[in-house]
Amino acid sequence: MPEKPAAVHMEPPAYGDSSRDAIKAIVVGMSEQNAKALSALRSELDELEQLMLVSAARVQAEVEGHAVICRYVNAEVGRLHDVVGKMRETQTEVVRVTASTDDRASA
């Protein structure tokens with residue numbers, strides 16, 4: 001039987017290496033650009049978050065101020081109801097006294 005020639009280890013061809021390197025450089029460049037863009041976006045979002053927190057704190061303080069005013073007005077309305085009620089009671093007593101005086105005078 002004839003002998004088989006010894007197997008020779010073959011290397012893949014070297015052509016295309018420059019194309020692969022160019023594609024890899026493009027992908028790496030795009031990845032770096034995306035990373036920078038995402039970092040800039042994160043910075044903008046952080047800044048916006050801070051502005052919103054400051055704005056919310058101002059609104060909260062303003063709402064609390066309005067609530068204090070509303071509580072004060074409510075208390076004053078209650079006090080004025082009491083004053084008007086006492087005035088009505090006093091006026092009713094005056095009418096009774098006047099009516100009883102008129103009754104005595106006509107008798």
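Because the structure is predicted, anything quoted here is derived from the model rather than measured.

Caption draft 1: Seen up close, the overall build of the chain. On a plain count of helices and strands, the chain comes out with 1 helix and 0 strands. Within the structure as shown, the chain displays about 10300 Å² of accessible surface, and the carbon and sulfur contribution to it stands at 63%.

Caption draft 2: Looking closely at the pattern of salt bridges. This model, assessed by the stated rule, comprises 2 salt bridges. Asp46 is paired through a salt bridge with Arg42; the nearest N and O atoms lie 2.7 Å apart. Here the residue Asp46 and the residue Arg42 both occupy positions in helix 1 (residues 17-106), the gap between them amounting to 4 residues, near one helical turn. A salt bridge links Arg79 to Glu76; the shortest N-O distance between them is 3.0 Å. One end of the pair, Arg79, and the other, Glu76, are both in helix 1, 3 residues apart, so they sit about a helical turn from each other.

Caption draft 3: Expanded view of a nonpolar patch on the surface. On the surface, a cluster of nonpolar side chains totalling about 600 Å² of accessible area is made up of Leu38, Leu41, Leu45, Leu48, Leu51 and Met52. Mapping Leu48 onto the fold places it in helix 1. Looking at Leu48, the relative accessible area reads 44%, which means it is partly exposed.

Criteria and thresholds
- Residues numbered from 1 in each chain as written.
- Predicted model: local features only at pLDDT ≥ 70, side-chain atom pairs only at ≥ 80, totals over all residues.
- Heavy atoms only, no water.
- Helix = DSSP H or I, 4+ residues; strand = E, 2+ residues; numbered from the N terminus.
- Areas by Shrake-Rupley, 256 points an atom, 1.4 Å probe, with all protein chains shown as cover.
- Salt bridge = Lys/Arg side-chain N within 4 Å of Asp/Glu carboxyl O.
- Patch = residues over 30% accessible without salt bridge, like charges linked within 9 Å, V, L, I, M, F, W, Y side chains within 5 Å.
- Buried < 20%, exposed > 50% of the residue type's maximum accessible area, 1.4 Å probe, protein only.

No statement about biological role is implied by the geometric values presented.
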